[in-house]
Amino acid sequence: MLFRSLAKDMTEALGRSVVVENRPGANGSLGSQLVARARPDGYTLLVGAAATNASNYAFYSGKLGYLPASFEVVGGLGIVPLSLVVSANAPWKSLTELIAEAKKKPGEFACGSGSTTAQIACEIFKLRAGIDVLNVPYKGTPPAMNDLAGGQVQFVFADGTSAAALVEQKRLRVLATAANKRAPYWPDVPTFVELGIQDLEISAWSAVFVPASTPLAIRQKLNAVVRRSTESPESIASRQRTGALALTYTLDEAQRFVSGEIDRWARFVKESGVKLE
């Protein structure tokens, strides 16, 4: 895991033991609340994510116990874009063909959603492509992928980790990636933008945050450590296993990235109409 590698690298760089404490629950908001209320001295950090530090603000507006202003981001770790995948036996060989066929058969195609992120991706894709597709929720990505391979649904949005094995086995085929550039592990797969579908960048990501009001000098020091950690052999190996790409940002770049993600997810949640159960 990236945060395990980070803890090891920070311990070596700072000369202090860095302990990883898991605080699951409430879609990650419990751990975020703890860090938001911690002393801004650089000793309590949050490994946040697209859920805890972007989409949660839209899903739980005013109910989280923390706000975007509760944190300062000190660096990025990794990002995993979603991709649209179909069965290798599907007759459509490109995204253009898939969209054209779905338009001929409104309401007959189904998108399998193994997560809230994938569910939103399906809904936003439907809007951008102008197609009428059933969104079928699953309890996790693996069962959605199995049904896709079996032909029960026509396409699924999944990250590289979830799809890689079935793609390598030639049971699935990737048609497009929801990122601003092609994924290095699928260099022949175009992005949605390349195929004429705008504003469909949806990724899972992780970054490091500290409580608001943490002094700039501390944030700069932590940023340097985090950036070095993303280039360590262990971190690189971890990203290769999970299909993640590095987020090696300066403080300003990291802040722009997170602010952009907060705005993006606010739009996507509103547009999609998806609500957490």
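Conventions we followed
Residues numbered from 1 in each chain as written. Predicted model: local features only at pLDDT ≥ 70, side-chain atom pairs only at ≥ 80, totals over all residues. Heavy atoms only, no water. Buried < 20%, exposed > 50% of the residue type's maximum accessible area, 1.4 Å probe, protein only. Helix = DSSP H or I, 4+ residues; strand = E, 2+ residues; numbered from the N terminus. Arc of directions from axis to C-beta. Contact = heavy atoms within 4.5 Å. Expected span 1.5 Å × (residues − 1). Phe/Tyr/Trp six-rings, centres within 6.5 Å; stacked < 30°, edge-to-face > 60°. 1 Å grid on protein atoms, 1.4 Å probe; cavity = no way out; pocket = protein on both sides within 12 Å on 5 of 7 lines; lining within 4 Å. Points joined across faces, edges and corners; volume = space filled by probe spheres on them. Nonpolar A, V, L, I, M, F, W, Y, C, P; charged D, E, K, R; others polar. Disulfide = S-S within 2.5 Å.

Draft legend 1. Broad picture of helix 9 (residues 233-242). Along helix 9, the residues classified as buried are Ser235, Ser238 and Arg239. On an axial view of helix 9, the arc spanned by its buried residues comes to 95 degrees, and they lie on one face. Residues of helix 9 that are exposed and point over 90 degrees away from its buried face: Pro233, Gln240 and Arg241.

Draft legend 2. Representation of the environment of Val189. Structurally, the position occupied by Val189 is in the loop between strand 6 (172-177) and strand 7 (203-211). A sequence separation of 151 residues divides Val189 from Ala38, and the C-alpha atoms of the two residues are 44 Å apart. Apart from residues no more than four positions distant in its own chain, Val189 is found in contact with Val174, Leu175, Ala176, Thr177 and Arg182.

Draft legend 3. Quick peek at helix 10 (residues 251-272). A rise of 1.5 Å per residue sets the reference length of helix 10, with its 22 residues, at 32 Å; its end C-alpha atoms lie 31 Å apart and thus fit the reference within 8%. Of all the residues in helix 10, the buried ones are Leu251, Ala254, Phe257, Val258, Glu261, Ile262, Arg264, Trp265, Phe268, Val269 and Ser272. Check the buried side of helix 10 and you find it contacts helix 3 (51-59), strand 2 (71-87), helix 5 (116-129), strand 7 and helix 8 (216-230). Once helix 10 finishes, Gly273 follows within two positions and takes phi at roughly 75 degrees, a positive value.

Draft legend 4. Region of interest: the packing of aromatic side chains. One pass over the full model with this rule turns up 13 aromatic pairs. On the basis of an interplanar angle of 25 degrees and a centroid distance of 5.9 Å, the ring pair of Phe157 and Phe192 is categorised as stacked. Of this pair, Phe157 sits in strand 5 (residues 155-159) while Phe192 sits in the loop between strand 6 and strand 7; the two residues are 35 residues apart in sequence, bridging distant segments of the chain. Take Phe157: its relative accessible area is 1%, and that puts it in the buried class.

Draft legend 5. Seen up close, unusual backbone geometry. Of note in this structure, Asp199 is not a glycine but carries a positive phi near 55 degrees. For Asp199, the location among the structural elements is in the loop between strand 6 and strand 7.

Draft legend 6. Expanded view of the layout of surface pockets. Here the second largest pocket defines a volume of roughly 340 Å³. If you trace the second largest pocket, you find 16 residues lining it, with Ile79, Asn180, Leu247, Tyr249 and Phe257 closest to the centre. If you list the elements that add at least two residues to the lining of the second largest pocket, you get strand 2, strand 8 (245-246) and helix 10. The element that contributes the greatest number of residues to the lining of the second largest pocket is helix 10, accounting for four residues. The residue inventory of the lining of the second largest pocket, partitioned by class, reads nine nonpolar, three polar and four charged.

Draft legend 7. Quick peek at the state of the cysteines. Summed over all chains, the structure comprises one disulfide. The disulfide bridge from Cys111 ends at Cys122, spanning 1.7 Å between sulfur atoms. Because the sign of the S-S torsion sets the handedness, a value of about -45 degrees for the bond joining Cys111 and Cys122 places this disulfide among the left-handed ones. Here Cys122 lies in helix 5 and Cys111 lies in strand 3 (residues 109-113), a separation of eleven residues in the sequence. Pair check on accessibility: Cys111 and Cys122 agree, each one buried.

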